[in-house]
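One letter stands for each residue in the lines below.
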Amino acid sequence: AQKVTQAQTEISVVEKEDVTLDCVYETRDTTYYLFWYKQPPSGELVFLIRRNSFDEQNEISGRYSWNFQKSTSSFNFTITASQVVDSAVYFCALSSYGGSQGNLIFGKGTKLSVKP
Amino acid sequence: KAGVTQTPRYLIKTRGQQVTLSCSPISGHRSVSWYQQTPGQGLQFLFEYFSETQRNKGNFPGRFSGRQFSNSRSEMNVSTLELGDSALYLCASSLGQLDNEQFFGPGTRLTVL
């Protein structure tokens, strides 16, 4: 069975602090995709990144970076120098052939609060 | 390029009624997926439609159904509403392949009284 675990329910930091959001996944498929989405208070899920199971290179996009480690089945997300606008709920998700293309399996989400 | 649109944005119904939600995907996208988001269960997959065919279905009772039209627009229907159906219903569209990211609409907030 596929499963995504985000152990951190809520995180609160002060602006300019670095913060890492953890994501651990389970799947029996060898080909799969991992995603991170951001959900601001408005409710709409915003796509942040996609990573396939064959590409373990870390990725950096501005203040965002992602660390994918197949050995530990983790796909962690780090925000450097956090800002108040980063406050949102962040979801890690998994898509695999076992779950079909259109079926994203989401973690429970991590609510990030960045205080000024 | 217009994003995914969902109508209505807010809806209030009473127990026992039925409801139909609509989703218009991004132009050119052939896959539409529906998700239910509740505080207790989080984001759960309802079903996916691709080229007017249901391609996958989540673990929801038969009261939840959907369909997709030839222009890729999709509707989902919930019959005999229960209090527990109160949720944010999100629709997502994609090109339909495994590696395609899904783009989400703003959701329909359904409240069942």
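Residues numbered from 1 in each chain as written. Chains lettered and ligands numbered in written order. Predicted model: local features only at pLDDT ≥ 70, side-chain atom pairs only at ≥ 80, totals over all residues. Heavy atoms only, no water.

Undergrad: Any chance you could explain the packing of aromatic side chains here in plain terms?
TA: Two aromatic rings, taken as a pair, are described by how far apart their centres are and by the angle between their planes. What the rule picks out here adds up to 20 aromatic pairs over all chains. Ring centres 6.2 Å apart and planes at 45 degrees place the aromatic pair Tyr25 of chain A and Phe68 of chain A in the tilted group. In this pair, Tyr25 of chain A is assigned in strand β4 (residues 24–26) and Phe68 of chain A in strand β8 (residues 64–69), connecting sequence segments 43 residues apart. Here Tyr25 of chain A and Phe68 of chain A have matching classes, each one buried. Seen in terms of ring centroids, Phe35 of chain A and Phe47 of chain A are 6.5 Å apart; in terms of plane orientation they differ by 65 degrees. Their pairing is edge-to-face. Placement of the pair is Phe35 of chain A in strand β5 (residues 32–39) and Phe47 of chain A in strand β6 (residues 46–52), with a sequence separation of 12 residues. Phe35 of chain A gets classed as buried once you look at its relative accessible area, which sits at 1%. Overall, Phe47 of chain A belongs to the partly exposed group, its relative accessible area being 24%. Each member of the aromatic cluster is reached from another via a ring pair, and the members are Phe35, Tyr37, Phe47, Phe91 and Phe106 of chain A together with Tyr35, Phe45 and Phe104 of chain B. Sitting over the face of the ring of Phe50 of chain B, Arg55 of chain B holds its NZ or CZ atom 4.3 Å from the ring centroid. (Phe/Tyr/Trp six-rings, centres within 6.5 Å; stacked < 30°, edge-to-face > 60°. Helix = DSSP H or I, 4+ residues; strand = E, 2+ residues; numbered from the N terminus. Buried < 20%, exposed > 50% of the residue type's maximum accessible area, 1.4 Å probe, protein only. Lys NZ or Arg CZ within 6 Å of the ring centre and 35° of its normal.)

Undergrad: Is there a simple way to explain the state of the cysteines in this structure?
TA: Working definition: the covalent bond between the sulfur atoms of two cysteines is a disulfide. One pass over the full model with this rule turns up 2 disulfides over all chains. Bridging Cys23 of chain A to Cys92 of chain A, the disulfide has an S-S length of 2.0 Å. Given an S-S torsion of about -65 degrees, the disulfide between Cys23 of chain A and Cys92 of chain A has left-handed geometry. On the criterion of sequence distance, the pair formed by Cys23 of chain A in the loop between β3 (19–21) and β4 and Cys92 of chain A in strand β10 (residues 88–96) is long-range, its members being 69 residues apart. One exposure class covers both Cys23 of chain A and Cys92 of chain A, and it is buried. For Cys23 of chain B, the disulfide goes to Cys91 of chain B, at an S-S distance of 1.7 Å. Its S-S torsion of approximately -50 degrees makes the covalent link between Cys23 of chain B and Cys91 of chain B left-handed. Of the two residues, Cys23 of chain B is situated in strand β3 (residues 19–24) and Cys91 of chain B in strand β9 (residues 87–94); the sequence distance between them amounts to 68 residues. (Disulfide = S-S within 2.5 Å.)

Undergrad: I would appreciate a short explanation of the sheet that holds strand β1 (residues 5–7) of chain B in the present structure.
TA: Two pairing modes exist for strands in a sheet, parallel and antiparallel, and in both the strands are linked by backbone hydrogen bonds. Residues and elements named next belong to chain B. The strand order β1-β3-β8-β7 describes an open sheet built from 4 strands, whose pairing is antiparallel. Unpaired on one side and paired on the other, β1 and β7 (64–68) mark the two borders of the sheet. The mean angle between the axes of side-by-side strands here comes to 20 degrees, regardless of whether they run parallel or antiparallel. (Pairing = 2+ DSSP bridges. Axes fitted to C-alpha atoms, helices over the stretch in contact; angles between N-to-C directions.)

Undergrad: How should the interface of chain A and chain B be read in this particular structure?
TA: In many analyses, interface size is given as the accessible surface area lost on bringing the parts together. Each side of the interface is counted separately: chain A has 23 residues, and chain B has 24 residues. Here chain A packs against chain B, burying approximately 1,900 Å² in sum over the two surfaces, 55% of which is carbon and sulfur. Between chain A and chain B we count 0 salt bridges in total. Counting every contact that joins chain A to chain B gives 4 residue pairs in polar contact (both at pLDDT 80 or more). Going through the elements one at a time, β5, β6 and β10 of chain A are the ones with two or more residues in the side of chain A that touches chain B. Broken down by element, the side of chain A that touches chain B gets its largest block of residues, 4 residues, from β5 of chain A. When its residues are assigned to classes, the side of chain A that touches chain B shows 9 nonpolar, 11 polar and 3 charged. (Contact = heavy atoms within 4.5 Å. Buried area = accessible area lost by both parts, 1.4 Å probe. Salt bridge = Lys/Arg side-chain N within 4 Å of Asp/Glu carboxyl O. Polar contact = N/O pair within 3.5 Å; in protein donor to acceptor, adjacent residues only side chain to side chain. Nonpolar A, V, L, I, M, F, W, Y, C, P; charged D, E, K, R; others polar.)

Undergrad: What is the right way to read the nonpolar core from this model?
TA: As a rule of thumb, soluble globular proteins bury nonpolar side chains together. By size, the foremost hydrophobic cluster in this structure holds 24 residues, and its most contacted members are Trp36, Phe75, Phe77, Tyr90 and Leu112 of chain A. Listing elements by their share of this core, those giving two or more residues are β2 (10–14), β3, β5, β8, β9 (74–79), β10 and β12 (110–115) of chain A. Among the elements that make up this core, the one with the highest residue count is β10 of chain A (4 residues). Excluding residues within four positions of it along the chain, Leu112 of chain A makes contact with Ile11, Val13, Val19, Ile79, Asp86, Ser87, Ala88 and Tyr90 of chain A. Membership of the second largest hydrophobic core comes to 21 residues, among which are Val4, Leu11, Ile26 and Leu81 of chain B. (Core = buried A, V, L, I, M, F, W, Y, C linked by side-chain atoms within 4.5 Å.)

Undergrad: Could you clarify how one ought to interpret unusual backbone geometry in this entry?
TA: Residues apart from glycine generally show negative phi values, whereas peptide bonds are mostly found in trans. Here the bond from Thr7 of chain B into Pro8 of chain B is cis, since omega is -10 degrees, no more than 30 degrees from zero. Structurally, Pro8 of chain B can be placed in the loop between β1 and β2 (10–13). Positive phi, normally seen in glycine, also occurs at Lys16 of chain A, with a value near 85 degrees. Of note, Lys16 of chain A is situated in the loop between β2 and β3. Positioned with a positive phi, Ser73 of chain A is a non-glycine residue whose angle comes to about 50 degrees. Among the structural elements, Ser73 of chain A can be located in the loop between β8 and β9. Looking at Ser73 of chain A, the relative accessible area reads 23%, which means it is partly exposed.

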